[in-house]
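Remarks on the overall topology
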Amino acid sequence: MSTLDATRAELALVVLYLNKAEARDKICRAIQYGSKFVSNGQPGTAQNVDKSTSLARKVFRLFKFVNDLHALISPTPQGTPLPLILLGKSKNALLSTFLFLDQIVWLSRSGIYKNKERAEQIGRISLFCWMGSSVCTTLVELGELGRLSASMKKIEKELKGSDKHKNEEYRSKLQKSNDRSLALVKAAIDIVVAVGLLQLAPKKVTPRVTGGFGFASSLISCYQLLPSRPKSKTS
């Protein structure tokens, strides 16, 4: 493959990535929380960027609650334990509620919905829903990691002295375990971000701490959305 072909391939991946509304939203999220970290809640350019980016992101999330509403009523994979099913459905319900209520917040900040006091109350309720969904996600990922660990140990026993990393099924489960571990870390970080936004512990979780954790969470989200690279053909 020539240098020009390689450049085209790389640019094609960038275009594919940026064509995703979710990817653009997470990039804006990184800018938002990065600005919050810089401003530390103090008036200035960084805080203006934080507020304007936060409002702009809400447009990306219009009607996004339908995604989790669909997941809520969709059947779960066979063999999933009942506690994990209930936690997963609770996560979908809470996240869908958060995204729906967040649209009312957007209407208020855009000047369409005039009741600011009610909008602030709705905004806090929506953030509590998001925090609840993050807690549910954390518990689901912990449960799924436990299931993956048990199945991987079973494969190791079956392989005995063989190289487990050459086994396709083991490699697949290992990749899933890595993905879920990253999702677990992100969900735990998001809980801290929600605590900061709700000001439940203002002395410990300051705007700078909230911004730092939110920025880290956003980078993880951006990484999770990266398209897979096509396998290079060898002659």
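Residues numbered from 1 in each chain as written. Predicted model: local features only at pLDDT ≥ 70, side-chain atom pairs only at ≥ 80, totals over all residues. Heavy atoms only, no water.

Here's the deal with the packing of helix α2 (residues 21–39) against helix α8 (residues 207–224)
- Two numbers describe how α2 lies on α8: the axes approach to 7 Å, and their chain directions differ by 160°. The pairing of α2 with α8 is recorded here as roughly antiparallel in orientation. α8 is crossed by α2, and the crossing has left-handed handedness. Residues K26, I27, R29, A30, Y33, G34, K36, F37 and V38 of α2 form the contact with α8, whose participating residues are P207, R208, T210, G211, G212, G214, F215, S217, S218, S221 and C222.
- Of the residues contributing to the contact of α2 with α8, the split by class is eight nonpolar, eight polar and four charged. (Axes fitted to C-alpha atoms, helices over the stretch in contact; angles between N-to-C directions. Helix = DSSP H or I, 4+ residues; strand = E, 2+ residues; numbered from the N terminus. Parallel < 35°, antiparallel > 145°, perpendicular 65-115°, else oblique. Left-handed = near helix turned anticlockwise from the far one by under 90°. Contact = heavy atoms within 4.5 Å. Nonpolar A, V, L, I, M, F, W, Y, C, P; charged D, E, K, R; others polar.)

Here we look at the nonpolar core
- Ranked by size, the top nonpolar core spans 15 residues in total, and within it F98, W130, M131 and V193 carry the most contacts.
- Here this core takes five residues from helix α7 (residues 168–198), the largest share from any one element.
- Sequence-distant contacts of M131, defined by excluding residues within four places in its chain, comprise I191, A194, V195, L198 and L200. (Core = buried A, V, L, I, M, F, W, Y, C linked by side-chain atoms within 4.5 Å. Buried < 20%, exposed > 50% of the residue type's maximum accessible area, 1.4 Å probe, protein only.)

Topic: the environment of V192
- Note on placement: V192 falls in helix α7.
- Each C-alpha atom of the pair V192 and S90 lies 19 Å from the other, and the pair is 102 residues apart in sequence.
- In contact with V192, not counting residues within four places along its chain, are V205 and F213.

Some points on the layout of surface pockets
- Roughly 260 Å³ of volume is contained in the second largest pocket.
- Taken together, Q175, N178, D179, L182, Y223, Q224, L226 and S228 make up the full set of residues lining the second largest pocket.
- If you list the elements that add at least two residues to the lining of the second largest pocket, you get α7 and α8.
- Among the elements that line the lining of the second largest pocket, the one with the most residues is α7, at four residues.
- Broken down by class, the residue content of the lining of the second largest pocket amounts to three nonpolar, four polar and one charged. (1 Å grid on protein atoms, 1.4 Å probe; cavity = no way out; pocket = protein on both sides within 12 Å on 5 of 7 lines; lining within 4 Å. Points joined across faces, edges and corners; volume = space filled by probe spheres on them.)

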